[in-house]
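Descriptive structure summary
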Amino acid sequence: MSDFSHLTSTLANLKTEDMYLNDFLLTWEKDDDELKATFAVADALRNLRERNISTRIFDSGLGVSLFRDNSTRTRFSFASACNLLGLTVQDLDEGKSQIAHGETVRETANMISFMADIIGIRDDMYIGKGNTYMREVSKAVQEGYEDGNLEQRPTLVNLQCDIDHPTQCMADMLHIIHEFGGVENLKGKKIAMTWAYSPSYGKPLSVPQGIIGLMSRFGMDVHLAHPEGYDVMPEVIEVAKANAAANGGSFTQSNSMAEAFKDADIVYPKSWAPFAAMEQRTNLYGNGDSDGIKALEKELLAQNAAHKDWECTEALMQTTRAGKALYMHCLPADITGVSCEQGEVEASVFDRYRVPLYKEAGFKPYIIAAMIFLSKVKDPAKTLQQLEAAGIARLLEA
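Right, let's walk through the structure included here. (Residues numbered from 1 in each chain as written. Predicted model: local features only at pLDDT ≥ 70, side-chain atom pairs only at ≥ 80, totals over all residues. Heavy atoms only, no water.)

**Some words on unusual backbone geometry**
In the segment running from leucine 331 into proline 332, the intervening peptide bond is cis, with an omega of 0°. Topologically, proline 332 is positioned in the loop between β9 (326-327) and β10 (335-336). The backbone of glutamine 160 sits at a positive phi, close to 135°, despite the residue not being glycine. By secondary structure assignment, the location of glutamine 160 is in strand β4 (residues 155-161). Checked against the element boundaries, leucine 331 lands in the loop between β9 and β10. (Helix = DSSP H or I, 4+ residues; strand = E, 2+ residues; numbered from the N terminus.)

Structural data, given as structure tokens:
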């Protein structure tokens with residue numbers, strides 16, 4: 001259990017004013033203090049809950065979720081985070097709304113926000129669309145607040161877009177911080193973010209992009225590896241390079257999974273679709289070209305099949321530092337012989353790391369709650385101290 005007084009005293013010395021009434025859309029838009037504050041609040045909220053102390057800062061209010069892609073962990077993490085703080089969750093099902101009848105983004109954003117405090121959006125399917133849509137919603141609710149239509153300005157949390165997956169990557173980072181005993185111990189640690197074979201097509205780029213965009217902030221040696229042609233967005237590569245240069249780490253790219261795993265402290269083998277192919281898919285969907293989409297899917301599945309050797313195996317894990325690298329995945333993983341005939345990771349590797357993988361996922365509700373908390377509270381350290389002092393039991397026990 002993290003020391004609560006240490007967390008709040010640390011938080012009190014961080015600058016978080018710009019997070020108040022602001023959105024969380026990309027990790028690289030947040031400065032170091034804001035990232036540290038998110039981690040501190042997440043740990044503090046968890047500490048209070050572990051001690052059966054209520055963390056409800058809202059007496060009422062709504063958290064609106066919009067998922068344009070399937071989700072298990074992030075959907076339930078968002079709902080858990082809202083509930084933890086006292087908000088009720090309402091899912092926006094676009095198929096049951098007036099969006100299908102031509103309702104504009106501006107109108108939808110205002111209509112769902114009359115008593116909403118937070119809007120969580122997952123829109124990761126199409127390159128150039130998801131993050132742009134989130135910013136359109138943000139602009140619309142800001143205008144609604146300034147015009148007096150909304151009593152409060154709902155803030156936005158990016159639950160995954162085409163560019164970044166900040167709630168996942170921040171949860172991953174907090175898991176790493178806990179596993180290595182503090183952020184001060186991460187400098188010089190090697191993390192291998194590698195492509196891995198999957199028998200499915202079109203997995204988003206936002207996880208590998210989010211990982212290299214965030215982990216390069218902490219003085220780590222970040223190694224991105226993938227087969228030729230499986231490039232990520234070039235602008236995110238530039239973000240990772242700049243972060244590494246500014247923070248005393250390194251950023252390396254290669255086409256070798258073995259090279260990436262060698263002496264790595266952390267490995268993150270995960271499938272994704274090539275950036276160029278995702279751009280092509282976006283254009284095909286935009287043009288309503290169903291035949292073109294089918295042809296592209298067939299082409300990409302064949303391309304994936306040429307790289308079945310990109311698998312996290314016991315033999316590869318033995319090449320990591322002392323053969324004991326921390327294996328990570330955003331889940332669900334394609335497990336060879338379990339969820340598919342051949343996939344991203346051998347079953348024995350996955351099973352050996354099952355407990356830490358579940359711990360990794362368990363940080364996400366607290367990270368999302370921290371993002372919401374910091375966007376709604378002017379003095380986060382003081383508010384956390386007030387929650388502890390009030391000592392209201394979350395679960396009433398005889």
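**Quick notes on the packing of aromatic side chains**
This model, assessed by the stated rule, comprises five aromatic pairs. Taking the centre distance of 4.6 Å and the plane angle of 50° together, the rings of tryptophan 195 and tyrosine 230 count as tilted. Residue tryptophan 195 is found in the loop between β5 (190-194) and α7 (206-215), and its partner tyrosine 230 is found in the loop between β6 (221-225) and α8 (234-247); the two are separated by 35 residues along the sequence. Classification of tryptophan 195 by relative accessible area gives buried; the value is 0%. By relative accessible area, which is 0% here, tyrosine 230 ends up buried. Members of the aromatic cluster, each reached through a chain of ring pairs, are Trp195, Tyr230 and Trp310. Stacked on the ring of phenylalanine 4, the Lys or Arg arginine 51 has its end atom at 5.2 Å from the ring centre. A cation over an aromatic ring shows up here: arginine 75 above the ring of phenylalanine 67, its NZ or CZ 4.4 Å from the ring centre. (Phe/Tyr/Trp six-rings, centres within 6.5 Å; stacked < 30°, edge-to-face > 60°. Buried < 20%, exposed > 50% of the residue type's maximum accessible area, 1.4 Å probe, protein only. Lys NZ or Arg CZ within 6 Å of the ring centre and 35° of its normal.)

**Notes on the pattern of salt bridges**
Once the charged atoms of two side chains with opposite charge are near each other, the side chains can pair. One pass over the full model with this rule turns up 16 salt bridges. Note that lysine 262 is salt-bridged to aspartate 263, the shortest N-O span being 4.0 Å. Connected via shared salt-bridge partners are Arg68, Glu94 and Asp123. (Salt bridge = Lys/Arg side-chain N within 4 Å of Asp/Glu carboxyl O.)

**What about the packing of helix α6 (residues 166-179) against α7?**
Running from N to C, α6 and α7 point in directions that differ by 50°, and their axes come no closer than 9 Å. Taken together, the axes of α6 and α7 are oblique relative to one another. Crossing handedness for the pair α6 and α7: right-handed. When α6 is examined against α7, the residues Cys169, Met170, Asp172, Met173 and Ile176 are found in contact with a partner set consisting of Val207, Gly210, Ile211, Leu214 and Met215. (Axes fitted to C-alpha atoms, helices over the stretch in contact; angles between N-to-C directions. Parallel < 35°, antiparallel > 145°, perpendicular 65-115°, else oblique. Left-handed = near helix turned anticlockwise from the far one by under 90°. Contact = heavy atoms within 4.5 Å.)

**Description of a nonpolar patch on the surface**
On the surface, a cluster of nonpolar side chains totalling about 340 Å² of accessible area is made up of Met111, Phe114 and Met115. Mapped onto the elements, methionine 115 comes out in the loop between α4 (105-111) and β3 (116-123). On the basis of relative accessibility, which here comes to 66%, the residue methionine 115 falls in the exposed class. (Patch = residues over 30% accessible without salt bridge, like charges linked within 9 Å, V, L, I, M, F, W, Y side chains within 5 Å. Areas by Shrake-Rupley, 256 points an atom, 1.4 Å probe, with all protein chains shown as cover.)

**A closer look at the layout of surface pockets**
Considering only enclosed or pocket space, the largest pocket measures out at about 550 Å³ in volume. In this structure, the largest pocket is lined by 26 residues; those nearest its centre are Asp69, Asn70, Arg122, Pro204 and Pro332. Of the residues that constitute the lining of the largest pocket, the class distribution is seven nonpolar, 10 polar and nine charged. His6, Leu7, Asp43, Ile177 and Val183 are the residues nearest the centre of the second largest pocket, which is lined by 18 residues in total. Broken down by secondary-structure element, the contributors of at least two residues to the lining of the second largest pocket are α1 (4-12), α2 (32-50) and α6. Residue contributions to the lining of the second largest pocket peak at four residues, all from α2. Tallied by class, residues from the lining of the second largest pocket come to eight nonpolar, six polar and four charged. (1 Å grid on protein atoms, 1.4 Å probe; cavity = no way out; pocket = protein on both sides within 12 Å on 5 of 7 lines; lining within 4 Å. Points joined across faces, edges and corners; volume = space filled by probe spheres on them. Nonpolar A, V, L, I, M, F, W, Y, C, P; charged D, E, K, R; others polar.)

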